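# Structure assessment
Below, each chain spelled out in residue letters.
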Amino acid sequence: MSRYLILTVIMLKNSNMLNLRSGKFGNNSIKGVLISLLIFAAFLPMMLGIGNIVMTGYAALSEIQQEGLILGMGFSISSLTIFFFGIFYVMSIFYFSKDIESLLPLPLKPSEILAAKFTVVLLYEYLTEAVFLAPILIGFGIASKTGLLYYLYSTLLFLVLPVLPLVYASVISMLIMGFTNLAKNKDRFRIVGGIIAMFLAIGLNVVITRLTGSSMNALELQKLLEQGNNSYVGIMSGIFFSNRFAVMALLNSETLKGFVNLTLFIFICALFVMLFLSFGEGIYYKGVVGMSETSAKRRKLSVAELGRYGMQKSALKAYTIKELKLLFRTPVYFMNCVLMNFILPVFIILPFLVQPEEMKELQGLTVFLKDGRGSAIALAVTFGISVFVTSTNGIAASAISREGTNIFVCKYLPVSYKTQIMAKVLSSMSMGMVGTLSMLMAAAIFISVPAYLMLITVFISIFGIAFSALAGILIDLNFPKLIWDNEQKAVKQNFNVVLNMLVSAAVAGILIFTIIALHFTLWMTLLTLVLVFGILDLLLYSILSRVGVRLFERIEV
Amino acid sequence: MIELIKVNKSYSGIVKAVDDLTLTIPEGQITGFLGPNGAGKTTTIKIIAGVLNADSGSITINGTDIRENPLEAKIQFGYVPDNPDMFLRLKGMEYLNFMADMYNVESSLRKDRIQELSESFEMEAALNDQIQSYSHGMRQKIVIMGVLIHDPSVWILDEPMTGLDPKSSYTLKEMMKGHAAAGKTVFFSTHVLEVAEKLCDKVAIINKGKLLFYGTMDEIREHFRSNGSLEKIFLELTENE
């Protein structure tokens, strides 16, 4: 037990959860605190909004005695989200973290390492929960005017809830990694494993939605709802079956029934942790020992091959290609920054797979697009999505952070910082373009989009993609996160990416809103977007050329 | 030629890593840079290479100031860092060509150099594999090759012999001698005093960021009136600080 605690504390100390640099620069930690506050402030409206919805919903649902539905849905969605993020966290912290190589030679049991790493992931998930579940629990508590015991139970449940989804995510990851570790080319298999895990997570999502949707018809559902007494909670099932005990515990927090349900919930979670640890004791090392091995053919290149490799390129081109190669070949970067752009269409198509009836409604969209105003709105929305996608893939906002302690290499290369910055911007833009194009292609499968509209959209999205990329790297130059022990921290646990998403979403949102509100025509929309974003891009470019270069100069590790 | 004039660098304003260092590293000679762990060797080398900014003082490489004309200065030298773990997911070949593109080396020229260097360091069979599959010594070799691909006139090498096998170490030493003999500059840090003793024309010894001694091997013996090895002199010199 004590070894577990020591390990956990060491891992947390080592992981430097905030985006602060190692204290060499005093003013940067102030910047770091400010940025954390800013991000909290950005999430605050959303949290308040959720709380507000919960309180309104409570008023309506409590009349038919189904207020438990709110908690049930809150727990379900939280569990799913935790499971989804969990797969990424588990992959990086259990397997890709650099500390593994120093832990393996120590006389530790696999379950001890696993338990410590599981705790670290659990702590990360509390951050996810805090944004979504906390406002639901608090909103419900206020609306139901319940006692102190409710809040005590809520806190306990908040802490224990992520356990079950995380056990699922861990077991799936361990199975995949145990299997892919057999392969020779580990990087490639790890990428494949990651894709499988992601599709499993999405697939499971679809299946659960379908099951709960079709398990009873509308009439039965209505009957059940009319029964009152929070009967709907009773049918909550699926893989997060224990959530119903959590709901019951909160609904009956004043009585013994609540206490029994709470105990039951905690007991189930504890049981799953035990199962997970004993399972991991056997399988964890299968995936993790030999992780760092790589395949090598040691084949001599022919003179012709030497020549083919050796075509001279400009520094900008060579640098951009280098950036893209590293993005594609590093499993964590591929999963977080590259894959998203290719599977974006899956997320668009997904809702229609879940509910095939909605396909029909798409036909309406085709007509809508023929209309001038419709196409203007479509253009603005697609533009907004491409801005957002480019910021979501995080390539620009983590471009400096990804260099890590090897940032010194950028310093001695005889290539200007401006060229280096622009190469990073270009690598981000090219993936943003991939995302936009794959999204448009997916759209074209379902609805007939006029060719001219397609062309205009592609052309105009370049301006938006450039904006996201330029803004992203400017943010990262300001707050580079260079000290990390696994690549995940450079891209996913990097506030710069979140900040870039917020900025891009805000700017794109305001513009789309304006265009729709002011009834712009297609050509007015086009002109506005080109003008506004053309100017913004030029502005950012000139800031980067001067301030950005100076910031780059000052970065030292 | 590398010229440092009154260079200062401190971390967090307290610990002085480099203290008022003035040093001229001449052409046509091999200059060794010695000092105990944490003496400021790597910091000094990083300042020369433009990786770290000095708090004050000036650094010129072949007469070009690294702060005022960084790109012009950087193209003059090749720098081998103390840790070769970089670009691990590029193939050796891709890394060499990346460096060649950065230093603007022509296609035909780079092909010959890559062939030459990979033969000297026995790396021909590894070039088509990712650098992460290399051993420490092989990584060291590929980094050295990447640095030499543009045939810089000034070599700045931070512990270049670490991890090299005897053959590669010998090759590198011969190359350093050849480079100096051709009238160019070689500046390298090392902990192996035997190497310094045999290879260097001059040595600079620093501790706590301060230059303790700078001169030829003969000068050092004369100065300390000692017939002992460099090791003995070094130990006495750094002990008394």
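Residues numbered from 1 in each chain as written. Chains lettered and ligands numbered in written order. Predicted model: local features only at pLDDT ≥ 70, side-chain atom pairs only at ≥ 80, totals over all residues.

Scanning chain A for helices and strands turns up 23 helices and zero strands. At a minimum sequence separation of 6, the contacts of chain A that also span at least 24 residues come to 86%. (Helix = DSSP H or I, 4+ residues; strand = E, 2+ residues; numbered from the N terminus. Contact = placed C-beta atoms within 7 Å.)

Turning next to the overall build of chain B. From N to C terminus, chain B includes nine helices and ten strands. Here chain B has a C-alpha radius of gyration of 18 Å; the compact-globule value for 241 residues is 18 Å, and the two agree. Each principal axis of the C-alpha atoms in chain B carries an extent, and together these give about 50 × 40 × 35 Å. Out of the 241 residues belonging to chain B, those deemed buried represent 48%. Pairs at least 24 apart in sequence give 70% of the contacts found in chain B among residues at least 6 apart. (Rg over C-alpha atoms; globule rule 2.2 N^0.38 Å. Buried ≥ 20, exposed ≤ 12 C-beta atoms within 10 Å, placed from the backbone.)

Formed by 213 residues in total, the largest nonpolar core has its most connected members in A:Leu470, A:Ile473 and B:Ile156. Counting residues per element, this core draws most heavily on helix H3 (residues 68-96) of chain A, which supplies 15 residues. With sequence-adjacent residues up to four places away left out, A:Ile473 is seen in contact with A:Ala396, A:Ala399, A:Ile421, A:Lys424, A:Val425 and A:Leu544. (Core = buried A, V, L, I, M, F, W, Y, C linked by C-beta atoms within 7 Å.)

Another point: the environment of A:Leu7. All names here are of chain A. Note that Leu7 resides in helix H1 (residues 2-15). Residue class for Leu7 comes out buried when judged on the 22 C-beta atoms lying within 10 Å of it. C-alpha separation for the pair Leu7 and Glu112, spaced 105 residues apart in sequence, amounts to 8.2 Å. Look past the residues within four positions of Leu7 in its chain and what remains in contact with it is Glu112, Ile113 and Ala116.

Residue and element names in this part refer to chain B. Domains assigned within chain B are domain 1 (1-76 + 153-164 + 179-241) and domain 2 (84-150). One C-alpha centre belongs to domain 1, the other to domain 2; they are set 26 Å apart. Its residues placed into classes, the side of domain 1 that touches domain 2 shows three nonpolar, two polar and no charged. (Domains from an automatic or database assignment. Nonpolar A, V, L, I, M, F, W, Y, C, P; charged D, E, K, R; others polar.)

Another aspect to go through is helix H5 (residues 136-148) of chain B. All names here are of chain B. Between its first and last C-alpha atoms H5 spans 19 Å; for 13 residues at 1.5 Å apiece the expected length is 18 Å, and the two agree. Buried residues dominate H5, accounting for eleven of its 13 residues. Taken together, the buried positions of H5 are Met138, Arg139, Gln140, Lys141, Ile142, Val143, Ile144, Met145, Gly146, Val147 and Leu148. At its buried positions, H5 is contacted by strand E6 (77-80), helix H3 (92-102), helix H4 (107-120) and helix H6 (166-181). (Expected span 1.5 Å × (residues − 1).)

So, about the interface of chain A and chain B. When the parts of a complex come together, some accessible area is lost, and that lost area is often taken as the interface size. Taken together, the contact between chain A and chain B spans 33 residues of the former and 37 residues of the latter. At the level of secondary structure, the elements contributing two or more residues to the side of chain A that touches chain B comprise helix H13 (303-309), helix H14 (315-329) and helix H18 (408-412) of chain A. Considering each element in turn, the side of chain A that touches chain B owes the most residues, six residues, to H14(A).

Further remarks concern the sheet that holds strand E7 (residues 154-158) of chain B. All names here are of chain B. Within the open sheet, the six strands sit side by side as E6-E7-E8-E3-E9-E10. Their pairing is mixed. Each edge of the sheet is formed by a strand with only one pairing partner; in this case those strands are E6 and strand E10 (210-216). Put simply, the sheet's adjacent strands are angled 15° from each other on average, direction ignored. The sheet contact formed by E6 and E7 spans four bridges and is parallel. (Pairing = 2+ DSSP bridges. Axes fitted to C-alpha atoms, helices over the stretch in contact; angles between N-to-C directions.)

Residue and element names in this part refer to chain B. Strand order in the open sheet formed by four strands is E2-E1-E4-E5, with antiparallel pairing between adjacent strands. Strands with a single pairing partner mark the edges of an open sheet, and in this sheet they are strand E2 (15-25) and strand E5 (64-65). Judged from the seven bridges that link them, strand E1 (residues 2-11) and E2 form a sheet pairing that is antiparallel. Residue Leu4 lies in a different strand from E2, and its bridge partner there is Leu23. This element, helix H1 (residues 41-48), spans E1, E2 and strand E4 (56-61) of the sheet and lies at about 60° to E2.

Think of two packed helices as two axes; the pair is described by the angle between the axes and how far apart they sit. Residues and elements named next belong to chain A. With their axes 10 Å apart at the nearest point, helix H7 (residues 163-180) and helix H12 (residues 256-288) run at an angle of 15° to one another. Here H12 runs roughly parallel to H7, going by the angle between their axes. Crossing geometry of H7 relative to H12 is assigned as left-handed. Each of Val163, Leu164, Val167, Ser170, Val171, Met174, Met177 and Gly178 in H7 lies in contact with H12, whose residues at this interface are Cys269, Phe272, Val273, Phe276, Phe279, Gly280, Ile283, Tyr284, Lys286 and Gly287. Here the contact of H7 with H12 is composed, by residue class, of 13 nonpolar, four polar and one charged. (Parallel < 35°, antiparallel > 145°, perpendicular 65-115°, else oblique. Left-handed = near helix turned anticlockwise from the far one by under 90°.)

Residue and element names in this part refer to chain B. In the predicted model, chain B carries a mean pLDDT of 91, and 99% of its residues have values of at least 70. Mean pLDDT per element in chain B: helix H9 (residues 230-239) is the minimum at 80, and strand E8 (residues 185-189) is the maximum at 96. Scoring of the predicted complex yields 0.82 for pTM and 0.89 for ipTM. (pLDDT = per-residue confidence, 0-100.)

Moving on, we come to the packing of helix H20 (residues 451-478) of chain A against helix H23 (residues 522-554) of chain A. All names here are of chain A. Taken N-terminus to C-terminus, the directions of H20 and H23 make an angle of 25°; their axes are 9 Å apart at the nearest point. The pairing of H20 with H23 is recorded here as roughly parallel in orientation. Relative to H23, the crossing made by H20 is left-handed. A class-by-class count of the residues in the contact of H20 with H23 yields 21 nonpolar, four polar and one charged.

Looking now at the environment of A:Tyr58. Residue and element names in this part refer to chain A. Counting through the fold element by element, Tyr58 comes out in helix H2 (residues 26-63). In this structure the C-alpha to C-alpha distance between Tyr58 and Phe140, which are 82 residues apart in sequence, comes to 7.0 Å. Once residues lying within four places of it in the same chain are set aside, the contact partners of Tyr58 are Glu67, Ile70, Phe140, Ala143 and Ser144.

Residue and element names in this part refer to chain B. Most of strand E9 (residues 202-207) sits inside the fold, with six of its six residues counted as buried. On E9, burial covers both faces: Lys202, Ala204 and Ile206 on one face and Val203, Ile205 and Asn207 on the other are all buried. Of the pairings in the sheet, the one linking strand E3 (residues 30-34) to E9 comprises four bridges and is parallel in character. Bridge pairing in E9 places Phe33 opposite Ala204. Direction of pairing for E9 relative to E10: antiparallel, over a ladder of six bridges. Directly across from Lys202, in E10, lies its bridge partner Thr216.

Residue and element names in this part refer to chain A. Of the residues in chain A, 85% have a pLDDT of 70 or more, and the chain-wide mean is 83. Averaged pLDDT values over the elements of chain A bottom out at 58 in helix H10 (residues 231-234) and peak at 95 in H14. The low-confidence segment residues 18-27, where pLDDT is below 50, has 17 contacts with residues more than four positions distant or belonging to other chains.

So, about the environment of A:Leu122. Residues and elements named next belong to chain A. Note on placement: Leu122 falls in helix H5 (residues 110-144). Classification of Leu122 as partly exposed rests on a count of 18 C-beta atoms within 10 Å. Counting along the chain gives 38 residues from Leu122 to Val160, while the straight-line C-alpha distance between them is 9.2 Å. Residues contacting Leu122, with those up to four places away along its chain left out, are Pro162 and Leu166.

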